[in-house]
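# Summary of the model geometry
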2 protein chains.
Amino acid sequence: MSNRIKVAIAGYGNLGRGVESALAQNKDMQLVGVFSRRNPDSVSLLSKDVPVYAMADLEQYQDKVDVMILCGGSKSDLPEQSPYLAQFFNLVDSFDTHAKVNEHFDALDAVAQKSGKVALLSVGWDPGLFSLNRMFGETVLSEGETYTFWGKGLSQGHSDAVRRVAGVKAGVQYTLPSEAAIERVRAGEQPQLTTREKHVRECYVVLEADASADTVRNSIVTMPDYFADYDTSVHFIDQASFDKDHTKMPHGGFVIRSGVTGAGNQQTIEYSLALGSNPEFTASVLVAYARAVHKLAGLGEVGAKTVFDVPPGLLSPKTPAQLRKDLL
Amino acid sequence: MSNRIKVAIAGYGNLGRGVESALAQNKDMQLVGVFSRRNPDSVSLLSKDVPVYAMADLEQYQDKVDVMILCGGSKSDLPEQSPYLAQFFNLVDSFDTHAKVNEHFDALDAVAQKSGKVALLSVGWDPGLFSLNRMFGETVLSEGETYTFWGKGLSQGHSDAVRRVAGVKAGVQYTLPSEAAIERVRAGEQPQLTTREKHVRECYVVLEADASADTVRNSIVTMPDYFADYDTSVHFIDQASFDKDHTKMPHGGFVIRSGVTGAGNQQTIEYSLALGSNPEFTASVLVAYARAVHKLAGLGEVGAKTVFDVPPGLLSPKTPAQLRKDLL
């Protein structure tokens, strides 16, 4: 088994746990350790035979890890951790602060060029697979419009807002693509749509014993900033249904390119994801790209990269000839 | 305008005409000539100011063309033309005889390695964009099933069969994905489906004046090999509707990956195309990849390549930093 790609995880929350699961589905890869800022003894992995190390001891393991997968947050973890770790490891991160992506790229590239490592940033589904589809769409159909819709997905901030309403015992909010907006796009209308027009909001609420459903609904749908300007529906359910159906982290969305070729022929490319677990899917994308990073490093590549720079075949465990035979 | 990528077309039918249209939508590229086996004087292009040359004179133009786009057929044209042209030009073809793809790759690679050219084969939507999506699907969701559905698309062979039925004045046949089958796949059932179970057939027929609709319908739906084993519907229309609505070349289809991650979370990736014109869309894909071939050649790459080998960002006219800023 010594030929397996040796992967480590830096940061063990929902995403790190997803990476651990995804690695178990890929037999050419092996989880060799998890690095955490918490006390290693307090971190409990899905697998009992994988060691947990203190983040502070990272440098000692640089010869034992082929690729590091960073599972920290984009706000404060990754801007520090990615450039630091690129001194010692080939790595993949899921940096998703769009406005700072070139800044993060430059910081990573400076370090990785010097250390001779490959540092792949902003991997996942958005940024990541959705980015690729936006690129293919606008490039193949150069006259047209691109639309990104998100959902059905749980929104943390809006769920919190629902739970702050008097009379709400438990609540979640999902953002959904507007079916009406999607149909207009599919029909080739190329409408101008705001994020607001593209999405609707759906709330599932468990009421306190003495609460009035009408009052709670009204408080939610008229809430400024959060709901007032959206098409919002509120569903009342009991605690048992809530516990059974509304504790997962679903997400997904659509990238649609609507274009025209020749003498006005309508062409539509549509990419969509329906995800039972957002962190597990993001983790699965990170793991596939970790394989590609290992191969890029083997080919002598160095520096910061994005999904735009990675030949897709490198993601697969198959040889180029096998890929052509099976999938072309 | 001398910085534009100089592209030539070899073979001028529906696909070649689509490439000419697509090049006009891409301002960084320029059509510098069309090569035809017909008498050049008999070939009439959409654009009046582009020269048509005899295929036999190709070699003279090798310094005037950055990338050649081959628009011949896979059965007899491309197996000869691609390796021949790879002696002189970087090229893209749309070779789609799946069973012979590695044979074609090897033939092209031998020539291109020697000539120092880049030869990209099997570009289009299937093979091409669908191949990429099959690869991403099975790699990201390593436990799951992949489904390819084709249509709505006009089937030439089945349209011919409809037109041979006594009493049929005009007719076309479309192959459509079975909605029932797609719903089962989307629901995560991972059913085993034959090509037959995945598709239904729809015919549009103009009757001869004295023909019986019931007799014609029965002859079609019971026709062995072509229709008897499919769910087939027959619609009777008048000649004016036929001329108005059934003379385009629509096509499209779906690639769906249905997988499971973690402790049984269902994940679905769906890619679909709804194409008003099949040859114009295929041509648009060829043109985007011709840009990538030019860049690969500029980077010193040589040999045969497929879509699996091409970093996606090379398809775009944008710089890497611009791609990150606009699309990541």
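All of these numbers come straight from a predicted model, not from anything done at the bench.

This part is about the confidence of the model for chain A. Across chain A, pLDDT averages 95, with 99% of residues at or above 70. Predicted complex, confidence summary: ipTM 0.93, pTM 0.94.

Scanning all chains against the criterion turns up 19 aromatic pairs over all chains. Judged by centre distance (5.6 Å) and plane angle (65°), the rings of Phe35 of chain B and Tyr61 of chain B are edge-to-face. Note that Phe35 of chain B is positioned in strand β2 (residues 29-36) and Tyr61 of chain B in the loop between β3 (52-54) and β4 (67-70), a separation of 26 residues in sequence. Each member of the pair Phe35 of chain B and Tyr61 of chain B is classed as buried. One aromatic cluster is present, formed by Trp125, Phe130 and Tyr271 of chain A together with Trp125, Phe130 and Tyr271 of chain B through successive ring pairs. Over the ring of Tyr174 of chain A we find Lys152 of chain A, and its NZ or CZ is 4.5 Å from the ring centre.

Moving on, we come to the sheet that holds strand β14 (residues 303-305) of chain B. Residue and element names in this part refer to chain B. Strand order in the open sheet formed by seven strands is β3-β2-β1-β4-β5-β6-β14, and the pairing between neighbours is parallel. The open sheet has two edge strands with one neighbour each: β3 and β14. This sheet shows a mean twist of 25° between the axes of neighbouring strands, independent of strand direction. In this structure, β4 lies alongside strand β5 (residues 90-92), joined through three bridges in parallel fashion. Across the sheet, the residue bridging to Ile69 is Val92, located in β5. On top of the sheet, helix α2 (residues 77-85) reaches β1 (5-10), β4 and β5; it is set at about 175° to β4, its chief contact.

What follows covers the relation of the copies chain A and chain B. After a rotation of 180° and a shift along the axis of 0.0 Å, chain A superposes on chain B with an RMSD of 0.0 Å. This pairing of chains is accounted for by a two-fold axis. Comparing interface residues between copies, 98% of those in chain A also sit at the interface in chain B, which points to an isologous, same-surface contact.

A separate point is the environment of Met55 of chain A. Residue and element names in this part refer to chain A. Mapped onto the fold, Met55 is located in the loop between β3 (52-54) and β4 (67-70). Classification of Met55 as buried rests on a relative accessible area of 14%. Note: C-alpha distance between Met55 and Asn39 (16 residues apart in sequence) is 9.4 Å. In contact with Met55, other than residues within four places in its own chain, are Ala10, Gly11, Phe35, Ser36, Arg37 and Gln81.

On to the sheet that holds strand β8 (residues 153-154) of chain B. Residues and elements named next belong to chain B. On the basis of which strands lie adjacent, the open sheet formed by four strands has the order β8-β9-β10-β11 and mixed pairing. Edge strands, defined here as strands with exactly one partner in the open sheet, are β8 and β11 (232-236). Here β8 runs beside strand β9 (residues 168-177); their pairing, made up of two bridges, is antiparallel. Bridged to Leu154 within β9 is Tyr174. In this fold helix α8 (residues 213-221) packs onto β9, β10 (199-207) and β11, with an angle of close to 150° to the strand it touches most, β11.

Here we take up the interface of chain A and chain B. Between chain A and chain B, the contact holds 66 residues from the first and 65 residues from the second. Both faces considered, chain A and chain B share a buried interface measuring about 5,700 Å² in area, 57% of it formed by carbon and sulfur atoms. In this structure, the connection of chain A to chain B is made through two salt bridges. Across the pair Glu138 of chain B and Lys318 of chain A runs a salt bridge, and its minimum N-O distance is 2.9 Å. If you look at where chain A meets chain B, you find 40 residue pairs in polar contact (both at pLDDT 80 or more). Contributing elements (two or more residues each) for the side of chain A that touches chain B: α3 (101-115), α4 (129-140), β12 (251-261), β13 (265-275), α10 (278-298) and α11 (320-327) of chain A.

Conventions and cut-offs
Residues numbered from 1 in each chain as written. Chains lettered and ligands numbered in written order. Predicted model: local features only at pLDDT ≥ 70, side-chain atom pairs only at ≥ 80, totals over all residues. Heavy atoms only, no water. pLDDT = per-residue confidence, 0-100. Phe/Tyr/Trp six-rings, centres within 6.5 Å; stacked < 30°, edge-to-face > 60°. Helix = DSSP H or I, 4+ residues; strand = E, 2+ residues; numbered from the N terminus. Buried < 20%, exposed > 50% of the residue type's maximum accessible area, 1.4 Å probe, protein only. Lys NZ or Arg CZ within 6 Å of the ring centre and 35° of its normal. Pairing = 2+ DSSP bridges. Axes fitted to C-alpha atoms, helices over the stretch in contact; angles between N-to-C directions. Contact = heavy atoms within 4.5 Å. Least-squares fit on C-alpha atoms with pLDDT ≥ 70 in both. Buried area = accessible area lost by both parts, 1.4 Å probe. Salt bridge = Lys/Arg side-chain N within 4 Å of Asp/Glu carboxyl O. Polar contact = N/O pair within 3.5 Å; in protein donor to acceptor, adjacent residues only side chain to side chain.

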